[in-house]
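# Fold and contact review
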Amino acid sequence: MLRTLWDAGFPAYVVGGGLRDTLLGRPTTDWDLATAALPEQTAGLFDDAAYENRFGTVAVRRGGQEYEITTFRSDHDYADFRRPHRVEFGTSLEADLARRDFTMNALAWGAPDAAADPALVDPFGGRADIASRLVRAVGDADRRFEEDALRMLRAVRFAATLGFEIEPATLAAIRDHAPLVAHLSGERIAVELGKILAVPRPSVGLRLLADTGVLMHVSPDLAAQRGIGQNKTAGEDLWDHTLRTVDAAADRPVVRLAAMLHDIGKPATAADGHFYHHETVGAELAAALLDRLHVPRSTVVAVTRLIREHMFRYVTTWGDSAVRRFIAKVGPDAIDDLFALREADNEGSGVPRDADGLAELRARIDAELAAGPVLDRSSLAIDGADLMNELGLPAGPALGRILAALVERVVDEPQLNDRPTLMLLARDLAARDATDAGR
């Protein structure tokens, strides 16, 4: 693609993360190009090009991969600390690089035309900062973060994902401008937070968010964990426990989110060294935060269920019916994630991952699931239509109560799950319900 642009007489360069990762020796599929060609000119050079972007980006698909080719530009009027209200196309590569966020991303490799030899263009010392493993703002850090407050979260994310340090002046500017995060959309915050949680040690990024004050403007409830003591690891507070738990959690998005938020309800429930019902309060606070971040509803439901259930207490005297009730309460589809969260919570508390009889409970759950237990109405040998047809019951709450009671009986005694037996039980339940209604 560079050659096509050069042959057409346009300067063209590889820019952005792909070039940075190449210099770091990291694999990448993120290849972006910048050129002096206007979008319409670029689109005209490639049969498979698509241009629908007001910021001057043309997408070209090759070999199952999408490449973005953007016209050199300069941004103007960042009035809302989120995005430019307008952009101007230009012909200067240096001006284009000057508007970028960090020096490691303000690099280019290419040539002004087909006659010139391709070379690295590095006007802001990005290659040296990559070698020194530094996240440094391009030019004036205060101005960069005032232009787009998301750059503060990106700085933290790069530090966490690349193992870099944030250069002192850039770090100070993040602290000074942390309140601007309030202007960002929930979606943009969620994307960066998700990338931070996906690294091997999310605690690096999360601790930076807290230390710079950014976390306070993302989630005051999480930020409130700092300084709250609990009887876990000596010398560490609730926030330290949360960070340990997240690092110990399985690398699955729902589990990592639940690990970060599993104790979000503790600051609000702290009383005399206890945190009564913090799992219930925490599930509500987590749902409010995730909704504000516009996280998909299915993820919100999954995460809050894990938080609500993570304080379960297993004892070896549980009967088989108790195990089945536990499975039904949690949901078979959530068992793996709940155990992953509990194991991480144990490790974050300084105890063995399988403490509290987790291995024994898991073995019993596996045995019950292998037997195909009845856990909800869908597994009953009869359904609502059967009761309506054979017993003449109308649709409504009474019918629902009878089906729920049948599930309870079958969970306790799986051998009852055959049609004749359930119909007899349903007749008795219907008669009792009618008697109770007539009192």
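What you see is a predicted model; the values in this text were computed from it and never measured. (Residues numbered from 1 in each chain as written. Predicted model: local features only at pLDDT ≥ 70, side-chain atom pairs only at ≥ 80, totals over all residues. Heavy atoms only, no water.)

Here the focus is a nonpolar patch on the surface. The grouping of Leu23, Trp109 and Leu120 at the surface amounts to a nonpolar patch, some 230 Å² of accessible area in total. Checked against the element boundaries, Trp109 lands in strand S8 (residues 108–111). Using a relative accessible area of 34% as the deciding quantity, one classes Trp109 as partly exposed. (Patch = residues over 30% accessible without salt bridge, like charges linked within 9 Å, V, L, I, M, F, W, Y side chains within 5 Å. Areas by Shrake-Rupley, 256 points an atom, 1.4 Å probe, with all protein chains shown as cover. Salt bridge = Lys/Arg side-chain N within 4 Å of Asp/Glu carboxyl O. Helix = DSSP H or I, 4+ residues; strand = E, 2+ residues; numbered from the N terminus. Buried < 20%, exposed > 50% of the residue type's maximum accessible area, 1.4 Å probe, protein only.)

The subject of this paragraph is the sheet that holds strand S9 (residues 119–121). A sheet is described by the order of its strands in space; here seven strands give the open sequence S3-S4-S5-S2-S1-S8-S9, paired in mixed fashion. Of all strands in the sheet, those with a lone pairing partner are strand S3 (49–51) and S9, marking the two edges. Neighbour-to-neighbour, the strand axes of the sheet open up by a mean angle of 30°, direction not taken into account. Bridging between S3 and strand S4 (residues 57–62) involves three bridges; their strand directions are antiparallel. When the bridges of S4 are listed, Tyr51 appears paired with Val58. (Pairing = 2+ DSSP bridges. Axes fitted to C-alpha atoms, helices over the stretch in contact; angles between N-to-C directions.)

Tallying each qualifying case throughout the model produces six aromatic pairs. Plain terms: the ring middles of Trp318 and Phe326 are 5.8 Å apart, the flat faces sit at 50° to each other, and that makes the pair tilted. Each member of the pair, Trp318 as well as Phe326, carries the same accessibility label: buried. Cluster of aromatic residues (ring-pair linked, three or more members): Phe312, Tyr314, Trp318, Phe326 and Phe339. Directly above the aromatic system of Phe312 lies the positively charged group of Arg342, at a separation of 4.4 Å from the ring centroid. The ring centre of Phe339 lies 5.4 Å from the NZ or CZ of Arg362, which sits over that ring. (Phe/Tyr/Trp six-rings, centres within 6.5 Å; stacked < 30°, edge-to-face > 60°. Lys NZ or Arg CZ within 6 Å of the ring centre and 35° of its normal.)

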